[in-house]
Amino acid sequence: MDNYFITRPPYSKIRMNKGKASLIRFINKGFRYLKLGLAINPIDTAVDMNTIEQRINYFHLLDQVIANDIDGDVIELGCFTGQCALILQKVIEQRRSPKQLYLYDSFDIKFRETGSIEEVLKNNFVNAGLKVPLLKKGFFEETLPTMLPEKISFAHIDCGFGGDKIAHSKVVQYCLNEIYPKMSLGAICVLMDYNDPEINGVGHDANPGVKIACDEFLKDKPEEMVCLYGNQFFHAYFRKL
Ligand SMILES: C[S@@+](CC[C@H](N)C(=O)[O-])C[C@H]1O[C@@H](n2cnc3c(N)ncnc32)[C@H](O)[C@@H]1O
């Protein structure tokens, strides 16, 4: 099976000029040839929304949901230009799954992008040869109450923007409250930026509000967060019991 977005990141062409990308590939080939155990894997935190390790995690978590025939569709809350969503749609199509991908975003945060974020997202799917998912534009408070699918088998919450951690934790809690009742048994919810320093050790904690929100939300529930290795970024998931 072609794990395209793991072995070859889909957006390296977008964020990096061709010369730089091929120089890095050349250096990494040299490292492999010399058996040094080194590799250059640059991340620009203002442009890159996930790491290779996280892409591997998304691939296997969604693949598992599909293989286990968990009921429901796939959603992402905070899709920006679709870097994670491309992987999710790729897995759905590779597995010929009937699951529909729904993307929710206000599309008003640009980071370093220019022009319409929605258009960039659509073009990324077209250029990758993937079906464009259903887009639900607006603030979560406007879209989630009426525009979620009936049942959810996989959710990715990634609504960080580096802002105030308490304000952010409220948004994450709101998302969790809305989607949890619709998650099927065995469904998976991945929380971008969930960082438990006791497990992960020291690292750049981009959005500490995520852990605050999840821990508060799960404190009276049977589910527990499972931290996954994400290299430069953090994330974790829980499985609906
Ligand atoms: C870090 S980006 C998501 C990156 C994306 N998952 C990817 O892989 O490219 C966070 C996104 O969350 C969205 N967002 C944050 N708070 C929101 C809210 N209350 N309602 C709707 N969208 C929101 C922002 O517009 C932004 O596009």
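In this report, the structure presented in the accompanying data block is examined.

Reading the values: the criteria
- Residues numbered from 1 in each chain as written.
- Predicted model: local features only at pLDDT ≥ 70, side-chain atom pairs only at ≥ 80, totals over all residues.
- Heavy atoms only, no water.
- Helix = DSSP H or I, 4+ residues; strand = E, 2+ residues; numbered from the N terminus.
- Rg over C-alpha atoms; globule rule 2.2 N^0.38 Å.
- Buried < 20%, exposed > 50% of the residue type's maximum accessible area, 1.4 Å probe, protein only.
- Contact = heavy atoms within 4.5 Å.
- Areas by Shrake-Rupley, 256 points an atom, 1.4 Å probe, with all protein chains shown as cover.
- Near = heavy atom within 4 Å.
- Polar contact = N/O pair within 3.5 Å; in protein donor to acceptor, adjacent residues only side chain to side chain.
- Nonpolar A, V, L, I, M, F, W, Y, C, P; charged D, E, K, R; others polar.
- Pairing = 2+ DSSP bridges.
- Axes fitted to C-alpha atoms, helices over the stretch in contact; angles between N-to-C directions.
- Patch = residues over 30% accessible without salt bridge, like charges linked within 9 Å, V, L, I, M, F, W, Y side chains within 5 Å.
- Salt bridge = Lys/Arg side-chain N within 4 Å of Asp/Glu carboxyl O.
- Core = buried A, V, L, I, M, F, W, Y, C linked by side-chain atoms within 4.5 Å.
- Expected span 1.5 Å × (residues − 1).
- Arc of directions from axis to C-beta.

1. Some thoughts on the overall build of the chain
Within the chain one finds ten helices and seven strands. The C-alpha atoms of the chain give a radius of gyration of 18 Å, which matches the 18 Å a tight globule of 241 residues would have. The principal-axis extent of the C-alpha atoms belonging to the chain is close to 50 × 40 × 35 Å. Within the chain, buried positions represent 49% of all 241 residues. Taking all contacts inside the chain whose residues are at least 6 apart in sequence as the whole, residues at least 24 apart take part in 77%. Total accessible area computed for the chain in this model is approximately 12300 Å², and 54% of it derives from carbon and sulfur atoms.

2. Thoughts on the site of the ligand
Within the structure, the ligand sits among 20 residues, and Glu76, Gly78, Cys84, Asp105 and Asp158 are positioned closest to it. Contacts to the ligand include phenylalanine 140, whose backbone N or O atom sits 3.0 Å from a nitrogen atom. Within the side chain of aspartate 158, a nitrogen or oxygen atom sits 2.7 Å from a nitrogen atom of the ligand. For the ligand, whose unbound accessible area comes to 600 Å², protein coverage reaches 95%. At the level of elements, helix 5 (83-94) and helix 7 (140-147) are the ones that each hand at least two residues to the shell around the ligand. Looking at the shell around the ligand residue by residue, the class counts come to ten nonpolar, six polar and four charged.

3. A word on the sheet that holds strand 3 (residues 134-137)
If you walk across this open sheet you meet the seven strands as 3-2-1-4-5-7-6, and the pairing is mixed. Among the strands making up the open sheet, the edge pair consists of strand 3 and strand 6 (226-228). Averaged over all pairs of adjacent strands, the angle between strand axes in this sheet comes to 20°, irrespective of strand direction. As defined by bridge partners, strand 1 (residues 73-77) adjoins strand 4 (residues 152-157) across five bridges and the pair is classed as parallel. Residue pairing for strand 4: glutamate 76 is matched across the bridge by histidine 156.

4. As for a nonpolar patch on the surface
Together, Tyr33, Leu34, Leu36 and Leu38 make up an exposed nonpolar region whose accessible area comes to about 490 Å². Tracing the backbone through its elements, the reader meets leucine 38 in the loop between helix 3 (18-33) and helix 4 (52-67).

5. Notes on the nonpolar core
One finds Ile179 and Leu191 to be the most contacted residues of the largest nonpolar core, which totals 60 residues. Among residues more than four places away in sequence, those in contact with leucine 191 are Ile157, Val172, Leu176, Val210, Cys214, Met225, His235, Ala236 and Phe238.

6. Re helix 8 (residues 165-179)
Under the 1.5 Å per step criterion, the end-to-end length of helix 8 is 21 Å for 15 residues, consistent within 8% with the ideal 21 Å. Among all positions of helix 8, only His168, Ser169, Val172, Cys175, Leu176 and Ile179 are buried. One side of helix 8 carries all its buried residues, which in axial view fall inside an arc of 120°. Along its buried surface, helix 8 packs onto strand 1, helix 7, strand 4, strand 5 (183-192), helix 10 (209-218) and strand 7 (235-239).

7. Some points on the pairing of strand 1
Put simply, side chains in a regular strand alternate between the two faces of the sheet. With respect to burial, strand 1 is a largely interior element, five of its five residues being buried. Of the two faces of strand 1, the one lined by Asp73, Ile75 and Leu77 and the one lined by Val74 and Glu76 are each fully buried. The pairing of strand 1 with strand 2 (residues 101-105) spans four bridges and is classified as parallel. The residue of strand 2 that forms the bridge with glutamate 76 is leucine 103.

8. As for the pattern of salt bridges
Counted according to the given criterion, the structure contains seven salt bridges. Between aspartate 63 and arginine 95 there is a salt bridge, with the nearest N and O atoms lying 2.6 Å from each other. In this pair, aspartate 63 sits in helix 4 while arginine 95 sits in the loop between helix 5 and strand 2, placing the two residues 32 residues apart along the sequence. Overall, the relative accessible area of 13% leaves aspartate 63 in the buried class. Given a relative accessible area of 41%, arginine 95 falls into the partly exposed group. Glutamate 216 is paired through a salt bridge with lysine 219; the nearest N and O atoms lie 2.9 Å apart.

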